[in-house]
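Summary of the model geometry
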Amino acid sequence: MMPVKNWNVDFESNINAKQQPIYENIDLLNEIAKKLASFQPIASFDKILTLRQKLANLNEDSFIIQGGDCAEPILNDPTTYGRKTEEFFNEITEILKAKYKKTIKIARIAGQFAKPRSQKYETINGTTFEVYKGDLINGFEFNKEDRKPDPLRMIKGYEHAKKIYDLNLDFYTSHEGLLIPYEASLIRQKDNHYYSSSGDFIWIGNKTRFINSYHIKLFSKVINPIGIKIGPSTTKEEIDFIVNKLNPNNENNKLIFISRMGVKNIHKKLPSLLKYTQKMNYNIIWICDPLHGNTYKDENDIKRRSFNDIISEVKLFFNICSDNNILPSGLHLEMTYENVSECVKQNEPNEEPYLSLCDPRLNKHQTLELLKSL
Ligand code: PEP
Ligand code: MN
């Protein structure tokens, strides 16, 4: 419910954006947004163009690997986190080399800290607070103070993201473009183009990609490649809206559809959408997120995903794409180099900690095994 005002790009106002926090102090919010708009860009215009160039040249020999935390923490010292992520991506590339000549590495990092949630509130032992929405919005600790949305967190997020980006690591950065005041304030202009300087690659989540979505309209102005999560409820009309808004010139290096159907739905839902995009001659790069359609709660009410389901969805995705003459161009994963037991793998003891701030991630061993199976 956020009227956009006083920010450097004057997009249509009075349109409700879904999944936005309600800030108590609107004057402070606008002050922070103005401040952000005066800061240096995070992502570089030229780097974004190199990513567009790489996407223009995709073929059977190339593979997009996008991955990282579900919810990135905002850290005081993001340098180690950035460097360890780079090392992890290098290990991943070594494995992908066996099958693909070129990998395009895109980390969920330097901005992946605003989360869409299905519930507004969380109740533990009879006490209710707002749900955790990511470090950019509120805090993880279960108490009133932490759970209150605080606009000052946007400055901390910016600083964390900028530090990581300025390390010039060997990957592109990406995140879900969710929090409107943050994202709108970081849209910049260069050479007569708008670009999102909050990250190299921005995607729009499954909960905010509907017809007339504020998020789609906001990002329709920028030259960055844009991802869209495509869940089982996606309709052909929504695809028309997305394509018309985000890729009106039907360029081949602009729109990435991230299929996240779930192993149970993919064979029912994906083929007709692929056929439709073919029939309409839409230029779309298809990749698969085999995690988000496969989440369940275990007997302790903890979010889990089964490694078997993840592997199965990836296989089905590749098969369904090739049946429909579509190039399966890569994967989008929630993964970490940390030793965790979050996703469940048969015969793997569940003895490492659960450290994710939100959804369960593949640990290093699981990630590498999945990529070896391609
Ligand atoms: C995510 O990628 O963390 C996410 C929320 O995904 P989706 O929008 O596909 O549910
Ligand atoms: Mn997630």
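Residues numbered from 1 in each chain as written. Chains lettered and ligands numbered in written order. Predicted model: local features only at pLDDT ≥ 70, side-chain atom pairs only at ≥ 80, totals over all residues. Heavy atoms only, no water.

1. Concerning the packing of aromatic side chains
Scanning the model with the defined rule gives 11 aromatic pairs in all. Centroid distance Phe-257 to Trp-286: 5.2 Å. Interplanar angle 85°. Geometry classified as edge-to-face. A residue pair is termed long-range when its members are at least 10 positions apart, and Phe-257 in strand 10 (residues 255–259) and Trp-286 in strand 11 (residues 285–288) qualify at 29 residues. Exposure class is identical for Phe-257 and Trp-286. Each is buried. Note on Phe-317 and Phe-318: the rings are 6.0 Å apart at their centroids and 85° apart in plane angle, and the pair reads as edge-to-face. Residue class for Phe-318 comes out buried when judged on its relative accessible area of 17%. (Phe/Tyr/Trp six-rings, centres within 6.5 Å; stacked < 30°, edge-to-face > 60°. Helix = DSSP H or I, 4+ residues; strand = E, 2+ residues; numbered from the N terminus. Buried < 20%, exposed > 50% of the residue type's maximum accessible area, 1.4 Å probe, protein only.)

2. What about the coordination of the manganese ion (ligand 2)?
All of the protein donors around the manganese ion (ligand 2) are Cys-70 (SG), His-292 (NE2), Glu-334 (OE) and Asp-359 (OD); their distances to the metal are 2.2 to 2.5 Å. Expressed as a motif, the donor residue spacing for the manganese ion (ligand 2) is C-x221-H-x41-E-x24-D. Taken together, the positions of Glu-334 in strand 14 (residues 328–334) and Asp-359 in the loop between strand 14 and helix 11 (364–372) put the pair 25 residues apart, joining distant regions of the chain. Take Asp-359: its relative accessible area is 7%, and that puts it in the buried class. (Donors = N, O, S within 2.8 Å, 3.2 Å for Na, K, Ca; no water.)

3. A closer look at helix 5 (residues 153–165)
Note that an α-helix has 3.6 residues per turn; residues three or four places apart therefore point the same way. With 13 residues, helix 5 should reach 18 Å at 1.5 Å per residue; the first-to-last C-alpha distance of 18 Å fits that figure. Among the residues of helix 5, Met-154, Ile-155, Gly-157, Tyr-158, His-160, Ala-161, Ile-164 and Tyr-165 are the ones counted as buried. Turning to helix 5, the residues buried within the fold contact helix 1 (26–38), helix 2 (45–56), helix 3 (78–96), strand 5 (172–176) and helix 6 (180–185). (Expected span 1.5 Å × (residues − 1). Contact = heavy atoms within 4.5 Å.)

4. Some thoughts on the environment of Leu-152
One can find Leu-152 in the loop between helix 4 (144–147) and helix 5. Linking Leu-152 and Asn-138, residues 14 residues apart in sequence, is a C-alpha distance of 9.8 Å.

5. Some details on the confidence of the model for the chain
On average, the chain scores 95 in pLDDT, and the residues at 70 or more come to 96%. Within the model, pLDDT remains below 50 along residues 1–11, and this stretch shows 34 contacts once partners closer than five positions in the same chain are excluded. (pLDDT = per-residue confidence, 0-100.)

6. Describing the site of ligand 1
Taken together, Cys-70, Arg-108, Lys-115, Pro-116, Glu-176, Trp-203, Gly-205, Asn-206, Lys-229, Arg-260, His-292 and Glu-334 make up the full set of residues near ligand 1. A distance of 2.7 Å is found between an oxygen atom of ligand 1 and a side-chain nitrogen or oxygen belonging to Arg-260. Glu-334 is positioned with one of its side-chain polar atoms (N or O) 3.0 Å from an oxygen atom of ligand 1. Here ligand 1 loses 94% of its free accessible area of 300 Å² to cover by the protein chains. (Near = heavy atom within 4 Å. Polar contact = N/O pair within 3.5 Å; in protein donor to acceptor, adjacent residues only side chain to side chain. Areas by Shrake-Rupley, 256 points an atom, 1.4 Å probe, with all protein chains shown as cover.)

7. Here we look at the pattern of salt bridges
Per the counting criterion, the structure on display carries 21 salt bridges. Note that Lys-101 is salt-bridged to Asp-61, the shortest N-O span being 3.3 Å. Residue Lys-101 is found in the loop between helix 3 and strand 2 (102–108), and its partner Asp-61 is found in the loop between helix 2 and strand 1 (62–68); the two are separated by 40 residues along the sequence. With a relative accessible area of 31%, Asp-61 lands in the partly exposed category. The shortest N-O distance in the salt bridge between Glu-91 and Lys-364 comes to 2.7 Å. Note that Glu-91 is positioned in helix 3 and Lys-364 in helix 11, a separation of 273 residues in sequence. The class for Glu-91 is partly exposed, based on a relative accessible area of 31%. Connected via shared salt-bridge partners are Arg-108, Lys-303, Arg-305, Glu-334 and Asp-359. (Salt bridge = Lys/Arg side-chain N within 4 Å of Asp/Glu carboxyl O.)

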